[in-house]
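Structure at a glance
The residues making up each chain are set out below.
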Amino acid sequence: MGRSLASQRFAQPQGVMVRQLDDESILLDLETGHYYGLDDVGTRLYEILVTSPSLEAAHAQALEEFEVTAEVLQADLSALASRLVEEGLLEEHDVTATP
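Overview of the structure. Owing to the predicted nature of the structure, the values given are computational and were not obtained by experimental measurement. (Residues numbered from 1 in each chain as written. Predicted model: local features only at pLDDT ≥ 70, side-chain atom pairs only at ≥ 80, totals over all residues. Heavy atoms only, no water.)

Quick notes on the pattern of salt bridges
Note the following rule: The salt bridge definition used is simple: a Lys or Arg side-chain nitrogen within 4 Å of an Asp or Glu carboxyl oxygen. Labels follow the DSSP assignment, with helices taken as runs of H or I lasting at least four residues and strands as runs of E lasting at least two, numbered in each case from the N terminus.
Throughout the structure, instances matching the rule amount to three salt bridges. A salt bridge links Glu47 to Arg44, with the shortest nitrogen-to-oxygen separation between them at 3.2 Å. Of this pair, Glu47 and Arg44 are both found in helix H1 (residues 40-51), three residues apart, which corresponds to roughly one turn of the helix. Between Glu87 and Arg83 there is a salt bridge whose closest N-O contact spans 3.2 Å.

Below, the structure is given as structure tokens:
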């Protein structure tokens, strides 16, 4: 994830199921059986990541919703995205790539 924030965007992989339980959620990769639990903040950040056109836009949206510094949020959002990509529970795309 060394690209600029503006060039990164994320999507929920096709084989990943998300189930919400109250404010928390479980992400399950139906092919591998890997799963990951998210608390209420992680759940909201995941929703923002998969619905935003870029990581930069996700950062801006989350900054409006959470009382945190921009630097801390960027580190936390990047760490969450990296971990979920590693686990196969989130796909990273380059928005500047041409088909």
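Side note on the packing of H1 against helix H2 (residues 55-65)
To describe two helices that pack against each other, one gives the angle between their axes and the distance between the axes. Quick reminder of the rule: In this analysis, axes come from line fits to C-alpha atoms, helices being fitted only over the stretch in contact, and the angle between any two N-to-C directions falls in the range 0 to 180 degrees. Handedness of a crossing is defined here by the sense of rotation of the near helix relative to the far one, left-handed for an anticlockwise turn of less than a right angle and right-handed for a clockwise turn. Note on contacts: a residue pair is in contact if any heavy atoms of the two residues lie within 4.5 Å. We call Asp, Glu, Lys and Arg charged. Ala, Val, Leu, Ile, Met, Phe, Trp, Tyr, Cys and Pro are nonpolar, and the rest, Gly among them, are polar.
Where H1 contacts H2, the axes come no closer than 8 Å and their chain directions differ by 140°. Crossing of H1 against H2: the hand is right-handed. Across the interface between the two elements, Arg44, Leu45, Ile48 and Leu49 from H1 touch Leu55, Ala58, Gln61, Ala62 and Glu65 from H2. Residue classes in the contact of H1 with H2 are distributed as six nonpolar, one polar and two charged.

Quick look at the sheet that holds strand S4 (residues 35-38)
Let me state the cut-off plainly: What makes two strands pair is DSSP finding at least two bridges between them.
Pairing in this open sheet of three strands is antiparallel, and the strands run S2-S3-S4 from one edge to the other. Each end of this open sheet is capped by a strand with a single partner; those strands are strand S2 (16-21) and S4. Between one strand axis and the next, the sheet turns through 15° on average, direction left out of account. Sheet analysis places S2 next to strand S3 (residues 24-29), joined by six bridges and oriented antiparallel. Within S3, the residue paired with Val18 across the bridge is Leu27.

Describing the pairing of S3
Filter applied, for reference: Exposure categories follow from relative accessible area, calculated using a 1.4 Å probe and restricted to protein chains: below 20% of the type maximum is buried, above 50% is exposed, and the middle band is partly exposed.
Burial of S3 is one-sided: the residues Ser25, Leu27 and Asp29 facing one way are buried, the residues Glu24, Ile26 and Leu28 facing the other way are not. Linkage of S2 to S3, two consecutive antiparallel strands, is achieved through a turn of two residues, within which Asp22 is found at a positive phi near 60°. Bridge count between S3 and S4: four bridges; the pairing is antiparallel. From the neighbouring strand, Leu27 faces S4, where its bridge partner is Tyr36. Counting the residues that bridge the hairpin from S3 to S4 gives five residues, and of these Gly33 lies at a positive phi of roughly 85°.

Describing a nonpolar patch on the surface
Defined as follows: Residues enter a patch when their relative accessible area is above 30% and they make no salt bridge; the linking distance is 9 Å between like charges and 5 Å between nonpolar side chains (Val, Leu, Ile, Met, Phe, Trp, Tyr). Surface exposure here means Shrake-Rupley accessible area, sampled with a 1.4 Å probe, where a residue is shielded only by the protein chains that are shown.
Residues Leu21, Ile26 and Tyr35 make up a contiguous nonpolar surface patch of roughly 320 Å² in combined accessible area. When you line up the elements, Ile26 lands in strand S3.

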